[in-house]
Amino acid sequence: MPSLGSIDEQSLAGALATGTHGSSLAHGLLSEAVVGLRLTRADGRTVDCAADDDDDGGELFRGALLSLGALGVVVALELRVVPAFRLRWHQTVDADRRLFAAWPRRLWSQAEFVRVWWFPYTRRAVVWRADKVADDDDDDDDDDDPPPGWCDRPLGFHLYRNLLLLAHWLPRLLPWIEWFVCGMQYGFGDGAATSATQPSARALLMNCLYAQTVNEWAVPLHRGPEALRRLGAWLARLPPGHPDYVEHGIPFSADGLWVHAPVEVRVAAPARPARPRPLLDPTVDDGPTLYLNATLYRPYGRDPPCRDRYYAAFEWLMRDLGGRPHWAKNFTAGREDLDAMYGPRLARFRRLRHALDPDGLFLGPWHREHLMPDEPPLPLEEVQTDCCPAPGGGLRVFGCVPGCDADDEDP
Ligand SMILES: Cc1cc2nc3c(=O)[nH]c(=O)nc-3n(C[C@H](O)[C@H](O)[C@H](O)COP(=O)(O)OP(=O)(O)OC[C@H]3O[C@@H](n4cnc5c(N)ncnc54)[C@H](O)[C@@H]3O)c2cc1C
């Protein structure tokens, strides 16, 4: 693949269906690589569509590129892949002021792949940048994996998780945990650096450590420094006169609120006019996109106490910056919000969906809440009947299809 997100163990169809992306101003969503696909519809027919189809085929392609599973089952994909490549990468940790000073061009265009992890209490940022190694580069013949980071080794892995667990009851510890873990993993001194050369699939992936809740939004790239400064000022309750103080405008109190780090900061290239754009593409309409991902770990399956207020404030800020949520993440924006964010593109997706699956075979409660009009369920639509905590963490969700009688031998 020309680009990858942080993991490669999900299914290709699932990654595409949710708008998965990596971090590069040279690449957009992973679905950019799709040339054609085959979809099995609710009526059992299997149809092909391709990037160069006109009219109905073109609309089907634009819908199926990011379908949230609501159009049918993608059973085959034709991808524009690239020869396997290696990446030489460098990673530096520094004060976030330097990050903002280099924004946008010197920061995001310095290499083909660039990503950042931002630490809101210590106001530090790790910048990771990578370029392809040319085939004839004799200096870079061999891979040199970096030594495992502190969190990748057993002591760091377990200590960090247990510190996060302790912070469940003593959340005030979180700024100290951020300082300690960021220092152990990346270095305590500004300017600490690491480099390596690895195959792309090893270099681009990352160790996501523990179960986590993530809330990621796409906003215009040029609003990045403003977004992080406002979030940082709110989280740390900075007073006017503090060097990092800015007016955040967030209408929630941050008193007694302490959050996990980092915020993942990534980018995507603008949609290319020559290529069909998915109807539900969340990236910015007229320029490069910045993705901000507020990560909260769930040590031993526990949601941190800050979750609801942090995410309410984070989402408020993202909307204020003109953002749209990543479909695969834990956002609370509902149907009216999404209607306003997507306008006619969502209406086109609904029309296409209705034509392909009028009885709602591929619809469930999540689709009803976020994508579909506030109407009674369709005959084959699944509805949620119950939801309770699952043993070991998470939720157990029960559903049924009211239009099908469970005793019916041929439902
Ligand atoms: C640890 C972790 C790291 C991640 N990192 C990133 C990242 O770096 N960047 C990023 O953008 N995202 C990232 N994601 C999000 C991830 O790419 C999506 O959640 C993806 O959808 C997961 O794929 P899956 O195979 O598990 O799909 P599922 O969760 O099983 O399904 C996701 C959606 O795809 C639909 N679907 C699945 N298969 C088909 C099919 N054959 N036909 C039609 N619809 C289908 C389902 O109906 C559902 O709506 C990450 C997720 C995790 C858990």
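So, how was this worked out
Residues numbered from 1 in each chain as written. Predicted model: local features only at pLDDT ≥ 70, side-chain atom pairs only at ≥ 80, totals over all residues. Heavy atoms only, no water. Buried < 20%, exposed > 50% of the residue type's maximum accessible area, 1.4 Å probe, protein only. Helix = DSSP H or I, 4+ residues; strand = E, 2+ residues; numbered from the N terminus. Pairing = 2+ DSSP bridges. Contact = heavy atoms within 4.5 Å. Core = buried A, V, L, I, M, F, W, Y, C linked by side-chain atoms within 4.5 Å. Near = heavy atom within 4 Å. Polar contact = N/O pair within 3.5 Å; in protein donor to acceptor, adjacent residues only side chain to side chain. Domains from an automatic or database assignment. Buried area = accessible area lost by both parts, 1.4 Å probe. Axes fitted to C-alpha atoms, helices over the stretch in contact; angles between N-to-C directions. Salt bridge = Lys/Arg side-chain N within 4 Å of Asp/Glu carboxyl O.

What follows is about the pairing of strand β9 (residues 263-268). With respect to burial, β9 is a largely interior element, 6 of its 6 residues being buried. The alternating pattern of β9 places Val263, Val265 and Val267 and Glu264, Arg266 and Ala268 on opposite faces, both of which are buried. By the bridge criterion, 3 bridges tie strand β5 (residues 113-119) to β9 in an arrangement that is antiparallel. From the neighbouring strand, tryptophan 117 faces β9, where its bridge partner is glutamate 264. When β9 meets strand β10 (residues 289-297), the two strands line up antiparallel, connected through 6 bridges. By the bridge assignment, arginine 266 is partnered in β10 with tyrosine 291.

What follows covers the environment of cysteine 387. With respect to the secondary-structure elements, cysteine 387 resides in strand β12 (residues 383-389). Relative accessible area serves as the criterion here: at 34%, cysteine 387 is assigned to the partly exposed category. Each C-alpha atom of the pair cysteine 387 and glycine 399 lies 8.8 Å from the other, and the pair is 12 residues apart in sequence. Setting aside anything within four residues of it in sequence, one finds cysteine 387 in contact with Leu395, Arg396 and Val397.

Once that is clear, we can look at the nonpolar core. If you look at the biggest cluster of nonpolar residues, it comprises 89 residues, and the most contacted ones within it are Trp103, Trp108, Tyr160, Val265 and Tyr310. The residues touching valine 265, leaving out its near neighbours within four places in the chain, are Ser23, Trp103, Trp108, Arg115, Val116, Trp118, Leu228, Leu290, Tyr291 and Leu292. If you look at the next biggest cluster of nonpolar residues, it comprises 16 residues, including Phe85, Val93, Trp128 and Ala261.

Right, let's get into the site of the ligand. The ligand sits among 22 residues. The nearest are Ser6, Ser11, Gly14, Arg266 and His326. One of the backbone N or O atoms of serine 6 is found 2.7 Å from an oxygen atom in the ligand. For the ligand, an oxygen atom lies 3.0 Å from a polar atom in the side chain of threonine 18. For the shell around the ligand, the secondary-structure elements that each account for two or more residues are α1 (12-17) and β3 (73-79). Here the shell around the ligand takes 4 residues from α1, the largest share from any one element. A domain-level breakdown of the shell around the ligand finds at least three residues from each of domain 1 (12-83) and domain 2 (86-333).

With respect to the helices and strands, arginine 172 occurs in the loop between α5 (154-169) and α6 (174-186). Taking the C-alpha atoms as reference points, arginine 172 and alanine 254, 82 residues apart in sequence, are found 12 Å from one another.

Partitioning the protein chain into domains gives domain 1 (12-83), domain 2 (86-333) and domain 3 (342-400). Relative to domain 3, the C-alpha centre of domain 1 lies at a distance of 20 Å. Taken together, the 16 residues of domain 1 in the interface contact 13 residues of domain 3. For the pair domain 1 and domain 3, the two sides together bury roughly 1,200 Å², of which 69% comes from carbon and sulfur.

Let's shift gears to the sheet that holds strand β1 (residues 34-40). One open sheet holds the 3 strands; their spatial order is β2-β1-β3, and the pairing between them is antiparallel. Two strands in the sheet have a free side with no partner beyond their single neighbour: β2 (46-50) and β3. On average, each strand axis in the sheet is tilted by 20° relative to the strand beside it, whichever way the strands run. Pairing analysis gives 5 bridges linking β1 to β2, with the strands arranged antiparallel. When the bridges of β2 are listed, leucine 39 appears paired with valine 47. Packed onto the sheet, helix α2 (residues 55-64) meets β1 and β2 and runs at close to 90° relative to β1.

Before going further, it helps to spend a moment on the pattern of salt bridges. Applying the stated criterion to the full structure yields 30 salt bridges. Note that glutamate 32 is salt-bridged to arginine 272, the shortest N-O span being 3.1 Å. Of this pair, glutamate 32 sits in the loop between α1 and β1 while arginine 272 sits in the loop between β9 and β10, placing them 240 residues apart in sequence. Residue classification places arginine 272 among the partly exposed positions, given a relative accessible area of 31%. Salt-bridge contacts for aspartate 96 lead to arginine 123; the nearest nitrogen and oxygen are separated by 2.5 Å. In this pair, aspartate 96 is assigned in helix α3 (residues 96-102) and arginine 123 in the loop between β5 and β6 (124-132), connecting sequence segments 27 residues apart. Grouping residues by exposure puts aspartate 96 and arginine 123 together as buried. Residues joined by salt bridges that share partners form a network here, namely Arg277, Asp281, Asp285, Arg324 and Arg345.

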